[in-house]
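The lines below spell out each chain.
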Amino acid sequence: MASDDISRRDAERLLGLDATARMAATFEAIADRGALWVWGDEGDILFTEDGRRRNLLPIWPYATVARLENEGDVDGEHAIRIPVKVFLKEWLPQLEEDDADIAIFPVEERNAAVLTLAEFRSRLS
């Protein structure tokens, strides 16, 4: 377990929270740890779509919750830690080009929230 991760027991508790609490937990973890987690492999990052066919980048507050949600879906995929500074500087411009939004802490295909890039930036500050 990475030093900025949590135990499986704590992750399972977070997975059981309602959407509002999952969203709060995500932004608290990002503020405390200075990073967020996405899912993918060396070549691709997991994106999803919502009912309106918007491209969404799912993010999680810890590797363990991402792993519990996704592990076993595709061989070789894993949680990928992204420092917030890197996410803001490199990822957000690319997401903007791709016209993607951010899915906060999805559990069983239910997002805690979907934020535009501007909303996400605003929440971080």
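To be clear, the structure that these remarks concern was listed above.
Quantities reported herein were computed from a predicted structural model and do not represent experimental measurements. (Residues numbered from 1 in each chain as written. Predicted model: local features only at pLDDT ≥ 70, side-chain atom pairs only at ≥ 80, totals over all residues. Heavy atoms only, no water.)

Participant: I would appreciate a short explanation of the nonpolar core in the present structure.
Facilitator: As a rule of thumb, soluble globular proteins bury nonpolar side chains together. In this structure, I59, F87, I102, I104, F105 and F120 are the most contacted members of the largest nonpolar core, which totals 38 residues. Among residues more than four places away in sequence, those in contact with I102 are L57, I59, F87, L92, L95, A113, V114, L115, L117 and F120. (Core = buried A, V, L, I, M, F, W, Y, C linked by side-chain atoms within 4.5 Å. Buried < 20%, exposed > 50% of the residue type's maximum accessible area, 1.4 Å probe, protein only. Contact = heavy atoms within 4.5 Å.)

Participant: Explain the sheet that holds strand 2 (residues 48-49) here, please?
Facilitator: Whether parallel or antiparallel, the strands of a sheet pair through hydrogen bonds between backbone atoms. A sheet is described by the order of its strands in space; here four strands give the open sequence 2-3-5-6, paired in mixed fashion. The sheet terminates laterally at strand 2 and strand 6 (113-115), the two strands that pair on one side only. Alignment of strand 5 (residues 100-104) against strand 6, held across three bridges, turns out to be antiparallel. Counted as the bridge partner of A103 is V114 from strand 6. (Pairing = 2+ DSSP bridges. Helix = DSSP H or I, 4+ residues; strand = E, 2+ residues; numbered from the N terminus.)

Participant: Just to check I follow, could you spell out the packing of helix 4 (residues 84-97) against helix 5 (residues 117-124) for this structure?
Facilitator: Where helix 4 meets helix 5, the closest approach of the two axes is 11 Å, and the angle between their N-to-C directions is 165°. Relative to helix 5, the element helix 4 lies roughly antiparallel. The way helix 4 lies across helix 5 gives a crossing that is left-handed. On helix 5, the residues touching V84, F87, L88, L92, L95 and E96 of helix 4 are L117, F120, R121 and L124. Split by residue class, the contact of helix 4 with helix 5 holds eight nonpolar, no polar and two charged. (Axes fitted to C-alpha atoms, helices over the stretch in contact; angles between N-to-C directions. Parallel < 35°, antiparallel > 145°, perpendicular 65-115°, else oblique. Left-handed = near helix turned anticlockwise from the far one by under 90°. Nonpolar A, V, L, I, M, F, W, Y, C, P; charged D, E, K, R; others polar.)

Participant: Looking at this structure, I do not really get the side chain of D101. What am I missing?
Facilitator: Along the chain, D101 turns up in strand 5. Its relative accessible area of 13% is what places D101 among the buried residues. Here R54 takes part through its side chain, which lies 3.3 Å from a polar atom of the side chain of D101. With sequence-adjacent residues up to four places away left out, D101 is seen in contact with R54, N55, L56, L57, V114, L115, T116 and L117. (Polar contact = N/O pair within 3.5 Å; in protein donor to acceptor, adjacent residues only side chain to side chain.)

Participant: Whenever I open this one, unusual backbone geometry confuses me. Can you help?
Facilitator: Trans is the common state for peptide bonds, and a negative phi is the common state for residues other than glycine. Of note, the phi angle at R53 is positive, near 65°, even though the residue is not glycine. Secondary-structure assignment places R53 in the loop between strand 2 and strand 3 (55-59). Using a relative accessible area of 61% as the deciding quantity, one classes R53 as exposed. Phi at E109 is positive, roughly 65°, even though this residue is not glycine.

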